[in-house]
Amino acid sequence: MSEHEGEREYPHHHDGPCDIEQRVKSLENLLIEKGLVDAAAMDELVDTYENRVGPRNGAQVVARAWTDPQYKQRLLADATSAIREMGYAGRQGEHMRVVENTEQVHNMVVCTLCSCYPWPVLGLPPTWYKASSYRARAVRKPHVALAEFGVILGRDVEVRVWDSTAEIRYLVLPKRPRGSENLSAEQLARLVTRDCMIGVALAMPVADLK
Ligand code: FE
């Protein structure tokens, strides 16, 4: 089943978190009891998405592209391989494309159908990314959507909106902030937020680095 087929609008039940936690736990116990899933495999999966996969991976990719022109070239030519080269691969990252922000072009990513998102470099998508309001506005009025996120672009900047699908996932390569020339790779990576890799923010200004 593809991801698109899997996402439907269900009626909302107003369960508290405790109720949901209990249900998940019961379901998990039942699956383990019946031998349908392995407890260790499940722990491994949860640990992966909670602790090892997330925007910090994407930030490493961006920081390297900012400092290593040859890597950047490889990244823009074949993102899947260049990202795998850094050890980030797996589900929902099989077909990656990186789009670069410049003085003239600003890129932003949406999934108009559901919530396709590059898990290996960004982790799981934020709630707003899945909201129909973002999905619609990003396409119809990208400048307005960006302004709502606090990104005000000049009229001469072209906004390109990329529709992530089950076939291809996009990552934005943000502009390297001014004054970041002398920062270490580790400091540079800290300027790279999740939102700037979706394209709804700019990389953090150097002055905000703690
Ligand atoms: Fe999708």
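Look a little higher up for the structure.
What this report covers is the structure whose coordinates are included nearby. Values in this document were obtained by computation on a predicted structure and should not be read as measured data.

With 49 residues, the main nonpolar core has Leu 75, Ile 83, Met 108, Val 121 and Tyr 134 as its most contacted residues. Counting residues per element, this core draws most heavily on helix H4 (residues 55-67), which supplies six residues. If near-sequence neighbours (up to four positions away) are discounted, Ile 83 is found in contact with Val 61, Tyr 71, Leu 75, Tyr 88, Met 96, Val 98 and Val 121.

This brings us to the environment of Val 61. In this structure, Val 61 sits in helix H4. You can call Val 61 buried: its relative accessible area is 0%. Separated by 112 residues in the primary sequence, Val 61 and Leu 173 place their C-alpha atoms 8.9 Å from one another. Beyond its immediate sequence surroundings of up to four residues, Val 61 is in contact with Tyr 71, Leu 75, Ile 83, Met 86, Tyr 88 and Val 121.

Now for unusual backbone geometry. Phi at Gln 92 is positive, roughly 65°, even though this residue is not glycine. Locating Gln 92 in the fold gives a position in the loop between helix H6 (79-85) and strand S1 (96-100). According to the relative accessible area criterion, Gln 92 is buried, its value standing at 12%.

Regarding helix H9 (residues 132-140), the residues found buried are Tyr 134, Arg 135 and Ala 138. Along the axis of H9, the buried positions cluster into a sector of 100°, meaning they face one direction only. Along H9, exposed side chains directed more than 90 degrees from the buried face belong to Ser 132 and Arg 140. Looking at the packing, one finds that the buried side of H9 touches strand S2 (105-110), helix H8 (127-130), helix H10 (142-148), strand S3 (158-163) and helix H12 (194-198).

Conventions and cut-offs
Residues numbered from 1 in each chain as written. Predicted model: local features only at pLDDT ≥ 70, side-chain atom pairs only at ≥ 80, totals over all residues. Heavy atoms only, no water. Core = buried A, V, L, I, M, F, W, Y, C linked by side-chain atoms within 4.5 Å. Buried < 20%, exposed > 50% of the residue type's maximum accessible area, 1.4 Å probe, protein only. Helix = DSSP H or I, 4+ residues; strand = E, 2+ residues; numbered from the N terminus. Contact = heavy atoms within 4.5 Å. Arc of directions from axis to C-beta.

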